[in-house]
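Commentary on secondary and tertiary structure
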Amino acid sequence: MIIIKCPYCGERDQSEFSNGGEAHVVRPNNPESLSDKDWGEYVFFRNNPKGIFYERWVHSHGCKKWFNAVRNTSTDEILKIYKLKEKRPEITEFKNCLKSPSGEPKVGSGNFTVKK
Amino acid sequence: MTALRNHNCNYISNVKINFKFDGKSYFAYEGDTIASALLRNNIRLVGRSFKYHRPRGIYTCGIEEPNALVQIISEHNEPNTRATIKRVYDGMVITSQNRWPSLSYDFGAINNILSPIFSAGFYYKTFMGPKGFWKNIYEPLIRRSAGLGKPPKNFRSKSIHQNHNTDILIIGAGLSGLIAARKFVNTKYKVLMIEQDSFLGGILKNSNKVDTINGLNSSEWLEETEKLLSKAQNIKILRNTLVTTYNFTNHFVALEDKFAGKKIDLNKSELTLHKIRTSNTILCNGHIERFISFRNNDLPGVMLASSFEKYIHRYGVVPEERPVIFTNNSSSMSLLNSMLSLGCKPEAYVDSRKNEEIETDIKKILKENNIPSYFEAEIEGCDGNKKIEKITIRKGKIFIKIKSSMLCVSGGYNPDIHLFTQSKGLLKWDKNIASFKPDTPFQKTLTLGSVSGNYNFNKLCDEINEKLSFLNTAKLDFEIKLNVSNKYSIKELWETKSKINSNWSKSFIDLHNDVTIKDLKQAISEGFDRIEHLKRYTTNSMGTDQGKISSINSLAVVSKLLKKEISEVGTTTYRPPYAPLSFAAIAGRSTYEFYDPQRKTSIHSWHLKNNAVFEDVGQWKRPWYFKTHDKETMHQAVQRESKMLRENSGILDGSTLGKIEIKGRDALEFMNLMYTNAFTKMKPMTSRYAMMLGEDGMIKDDGIICKLSDQHFIATTTSSGAPKVLAHMEEYLQTEWPHLQVYLNSITEQFSTFNISGPKTREIMRKVFPNIDFSNEAFPFMSFKNFDYKDTKIRIMRASFTGELGYEIYISPKYGLELWEEMFSCGREFNLIPYGTETMHLLRAEKGYIVIGQETDGTVTPIDLNYNWMIGKNKKDFIGKRSLSRPDTSREDRKQLVGLSPINKTDTIEEGQHIVELNELPKKIKNPIKYLGHVSSGYYSPNLNHSIGLAMIRGGKNLLGKKFFVTVSGKTKNIPVEVVNPVFVDPENKRLIS
Ligand SMILES: [Zn+2]
């Protein structure tokens, strides 16, 4: 359970929010002019990277406002939160964030490894 | 052979209490755990093992216990309770687990002799066939013979949840936790300290290792510290509380036992689940001793050395006067001291280290007290019937047999890294302590004392001062004097070899799940050389104790077998919870009537009085049907209601329908985008049946849209769909079309809504509202008007979901019941009846109207339903429009809505059945049967006097008049049906617009 800072209400528990998937996917202005493939891309396809991810959240059990967040999907760390009208932050801003909780394990289990 | 009392122990009271174990009465002192009380009564055999039903005793003195699990009959049959932590109270009734017919004679023990078939992976290899055997024979058999206690009966938990926000969380109130806490006394930091035991002190109470602290003897220092901490306003201490979970962003879950050592009061909450957020975490949760594998290392009488010592100091019970001690490290000196000070002399001392590696202090004590000592020696194994009788020591090639009933084993200390790794911290192998210790934390986590791998008491204060230096606290300097050597030394030893080969003799690596060293070897030879695979294949460390005393041992054994370093093998993932967490605690108060809120309409009391049977729709309680007398069945009631309505008139409480108000400059444009229909040319004060699609073109919801003006709409939604529809609208308004000036408001609760319909409806309405003109000309279908009614306002809309002449009435809930009763007093002469949702569904099916979630399932477009007329084709755009022309969405052979009529009118078309081409299904199905579609709604129509169905059939639009078959539940003979128009009643809409 992570803490999310709603830009309108402040820090709240994750359970008050809903995730809205990838951010900055703009609905085409004139859907009729799109090919089936392009329209299909818009409706059905989203990125799902390990690492830096721009995504949408809504404070569904609070002010009900939508906003954007940059989250490191491998650590669940929210790196930045910004309002819909604000500019998308450059990815270079987050180049120093952790790759995963403890690096990619060579042996052992999924999410941590043992240092020699 | 018998247990003694340590009268120097002040922590246990002298008040005698009684409890029952397996039907027999025993005594205990207040403060005893079940385990200490049993040991006090010389009970060594307390349970049977999971798989082989081997006799098992008390192995430890804490949360790490793998064997001594019992069932508490006096607490709702609570199973799998660790006897080593559960405290006894007067009148407690306990039984042992996993034995039949009795603990000392257990029939299941035959599994031990059959053990070759229960070896690693046996669940995967055995029981492969024949078909049906798993479900009917193997599984019930395994469930009966393997497993632990039985689940509680008639248990209604009163557990509660509590939230905390704090600056500093200290987990563990042992020596390092207490010193850390003292640094925070009366500082600006808000501190929460959590201790799993009922008392503070940890090592200070578990042993007599610490002599003095700052000149005070350890119990005085503890008293002083407790006073200081309890006076400090900024420090809160939770006792009897176990931290089970360490989540991201320093979020914790901890479980508090409110009735530790007391009989549960059924009127109070027995457990509190604490949910904690903290800025900084200080882990002081100490270490856990590990065992060593040798032949029959599971016999009752084998106990971890420091646990034996804990029983002496914490509970004042010396489990055995003359045990044998077996160690590979220096920690045993403390146990020797403790025993000798009570006049008990170990039968023998076995140390795997070489003479020169063993501390001179230890050698001195052994010599002075004439204790038979064996250095560079090990325990080969032990033998006995349900208890240790004989212990075999091997020194070089010589075997020495000793008679003793207890064996204290120490394989070394492991820092208790569970919580640290849950927090995603990194570990490191430390050769000096031959164990993993915390290295790099991932969150704001500190480790202090033995959990950090520091077993050196002299350096404890320095460590604490240094690690907490980033916080604004004073430096503390306590001089800690010890009774034992300060330096910890250990020599790796994980298993001892044995020449004896029999099915009875086993060397266990996991006591809880009955995994042996042999199983690990076998799994590796079968190719399971990755630790995560190995764990699952052998079930090693997968028990309720999560291998707390043995998992590091298994990593070591595996690394030797694989000829790798332990750090190359790695550990498995430590997952929450740290120890079993009761479902009752997780559920908290969200059970039974508190599980979900119940929503009731303003008419609810009337429904109750009039024998309504309710249906849950979302959180709403809706009348399903009304019983006219006790013996009336649902079928009879629904048939009666449906027939009466089409003859006279019926009224439905529709208050649960979702209602959303859409207002603002751009409301018209917004509605045109949200719904398929075209609203531009629609006249004000008219309404329209409308559909909402997803961007994929599939139907999301439907409802009636009332247009008051271009700037003001009211949308109704399905009863359970209201929040989803509002959220969907809000999302598009905020994210895609923020330039639209539109405001949304949920007004579901602001109105009581009645749907009245039937041929006599107009007469009833005229009587209730004498001043309103209900003629077709003045009040046409799909129009609505606002009126004054008494001292409130009402809105009446001409609409119908039954296919009959109908009106919807909207009124403030305050006046709802009054008007509802007025309608009945006026309607009595016209035989007005109340009806429920089932009749509503039957009548709409007769009329071919669809229900969202019944005809639709998220894969149905308006075109599939023949609702092309609802699509505003001239609109440039609306949500989902583009998808309707995607190749897949415009396929001719999509499932489409049709009606079904049975050819033999006495046949019943069942909802959910398949539509096929075969009149009979083969007894054995070899090839897939061609599937045409499914019955989405099936009812017996009292107005047509036969069964009817709505169905979604592939290419259904072009199949009118075709004959197919519908399957019947539990039978192979299908019923013949004809594909018909889905509108069974009044296809010309004569009744509707009459
Ligand atoms: Zn908010």
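Every value quoted in this text rests on a predicted model; they were computed, and no experiment measured them.

With that out of the way, let us pick up the nonpolar core. Residue and element names in this part refer to chain B. Grouped together as the largest cluster of nonpolar side chains are 52 residues, with contacts concentrated most on Phe19, Phe21, Ile34, Ile58, Phe308 and Tyr311. The leading source of residues in this core is helix 1 (residues 34-40), at 5 residues. Beyond its immediate sequence surroundings of up to four residues, isoleucine 34 is in contact with Val70, Ile72, Ala83, Lys86, Val88, Met92 and Ile94. Of all hydrophobic cores here, the second largest spans 43 residues; its members include Ile433, Phe436, Leu520 and Leu562.

All names here are of chain B. Once the domains are mapped, chain B shows domain 1 (4-103 + 291-410), domain 2 (157-289 + 412-489 + 574-595), domain 3 (508-569), domain 4 (604-650 + 751-844), domain 5 (658-748) and domain 6 (891-994). Across the contact, 23 residues belong to domain 1 and 14 residues belong to domain 3. Taken together, both faces of the contact between domain 1 and domain 3 bury some 1,500 Å²; the carbon and sulfur share is 58%. Along the contact surface separating domain 1 from domain 3 lie 1 salt bridge. Between aspartate 514 and arginine 56 there is a salt bridge, with the nearest N and O atoms lying 2.7 Å from each other.

This part covers the sheet that holds strand 52 (residues 975-980) of chain B. Residues and elements named next belong to chain B. Reading around the barrel, the 6 strands line up as 47-50-49-48-51-52 and close back on themselves, with antiparallel pairing between neighbours. Ignoring strand direction, the axes of neighbouring strands in this sheet form an average angle of 45°. As paired elements, strand 47 (residues 895-902) and strand 52 share 4 bridges and run antiparallel to each other. Paired with serine 901 across the two strands is glutamate 978, which belongs to strand 52. Together, strand 49 (931-941) and strand 50 (946-954) form the strand contacts of helix 24 (residues 837-846), whose direction differs from that of strand 49 by roughly 120°.

On to the pattern of salt bridges. Residue and element names in this part refer to chain B. Summed over the entire model, instances satisfying the criterion amount to 51 salt bridges over all chains. Between glutamate 818 and lysine 790 there is a salt bridge whose closest N-O contact spans 3.0 Å. Here glutamate 818, found in helix 23 (residues 813-827), pairs with lysine 790, found in the loop between strand 43 (784-789) and strand 44 (792-798); they are 28 residues apart in sequence, far enough to count as distant. On the accessibility criterion, glutamate 818 (37% relative accessible area) is partly exposed. For lysine 790, a relative accessible area of 53% translates into the label exposed. Between arginine 991 and glutamate 804 there is a salt bridge; the shortest N-O distance is 2.6 Å.

A separate point is the packing of aromatic side chains. All names here are of chain B. Applying the stated criterion to the full structure yields 38 aromatic pairs over all chains. Between tryptophan 221 and phenylalanine 478 the ring centres are 5.5 Å apart and the planes differ by 85°, which places this aromatic pair in the edge-to-face class. Of the two residues, tryptophan 221 is situated in helix 7 (residues 218-231) and phenylalanine 478 in the loop between helix 12 (460-467) and strand 31 (480-482); the sequence distance between them amounts to 257 residues. The exposure class of phenylalanine 478 is buried, given its relative accessible area of 10%. Geometrically, the ring pair formed by tryptophan 606 and tryptophan 820 is edge-to-face, given 5.5 Å between the ring centres and 75° between the ring planes. With tryptophan 606 in helix 18 (residues 604-609) and tryptophan 820 in helix 23, the pair connects residues that are 214 residues apart, well separated along the chain. Each member of the pair, tryptophan 606 together with tryptophan 820, is buried.

Glancing now at the coordination of the zinc ion. Residue and element names in this part refer to chain A. Of the protein atoms, only Cys6 (SG), Cys9 (SG), His59 (ND1) and Cys63 (SG) coordinate the zinc ion, at distances of 2.0 to 2.3 Å. Because the angles between the 4 donor atoms bound to the zinc ion fall within 105 to 114°, the donor set is best described as tetrahedral. Spacing between the donor residues of the zinc ion along the chain follows C-x2-C-x49-H-x3-C. Among the residues examined, cysteine 9 registers a relative accessible area of 30% and is labelled partly exposed.

So, about the pairing of strand 14 (residues 241-247) of chain B. Put simply, side chains in a regular strand alternate between the two faces of the sheet. All names here are of chain B. Among the 7 residues that make up strand 14, 7 are buried, leaving the element largely enclosed by the rest of the structure. Of the pairings in the sheet, the one linking strand 14 to strand 15 (residues 251-257) comprises 6 bridges and is antiparallel in character. Each bridged residue has a counterpart across the sheet, and for threonine 245 the counterpart in strand 15 is valine 253. Hairpin remark: strand 14 followed by strand 15, antiparallel, with 3 residues in the connecting loop; positive phi at threonine 249, about 45°.

All names here are of chain B. Among the residues of helix 10 (residues 360-368), Ile362, Ile365 and Leu366 are the ones counted as buried. Looking straight down helix 10, one finds that the buried residues subtend no more than 100° of arc, so they occupy a single side. Facing away from the buried side of helix 10 by more than 90 degrees, the exposed set consists of Thr360, Lys364, Lys367 and Glu368. Looking at the buried side of helix 10, the elements it contacts are helix 9 (332-341), strand 21 (348-351) and strand 22 (373-375). Backbone geometry just after helix 10 places asparagine 370 at a positive phi near 55°.

All names here are of chain B. Within the secondary structure, serine 96 is located in strand 8 (residues 92-96). Among the polar contacts listed, one links the side chain of serine 96 to the side chain of aspartate 22, at a separation of 2.7 Å. Contacts of serine 96, omitting those with residues within four sequence positions, involve Phe21, Asp22, Val46 and Leu103.

Criteria and thresholds
Residues numbered from 1 in each chain as written. Chains lettered and ligands numbered in written order. Predicted model: local features only at pLDDT ≥ 70, side-chain atom pairs only at ≥ 80, totals over all residues. Heavy atoms only, no water. Core = buried A, V, L, I, M, F, W, Y, C linked by side-chain atoms within 4.5 Å. Buried < 20%, exposed > 50% of the residue type's maximum accessible area, 1.4 Å probe, protein only. Helix = DSSP H or I, 4+ residues; strand = E, 2+ residues; numbered from the N terminus. Contact = heavy atoms within 4.5 Å. Domains from an automatic or database assignment. Buried area = accessible area lost by both parts, 1.4 Å probe. Salt bridge = Lys/Arg side-chain N within 4 Å of Asp/Glu carboxyl O. Pairing = 2+ DSSP bridges. Axes fitted to C-alpha atoms, helices over the stretch in contact; angles between N-to-C directions. Phe/Tyr/Trp six-rings, centres within 6.5 Å; stacked < 30°, edge-to-face > 60°. Donors = N, O, S within 2.8 Å, 3.2 Å for Na, K, Ca; no water. Tetrahedral: all angles 85-135°; square planar, octahedral: opposite > 155°, others 65-115°. Arc of directions from axis to C-beta. Polar contact = N/O pair within 3.5 Å; in protein donor to acceptor, adjacent residues only side chain to side chain.

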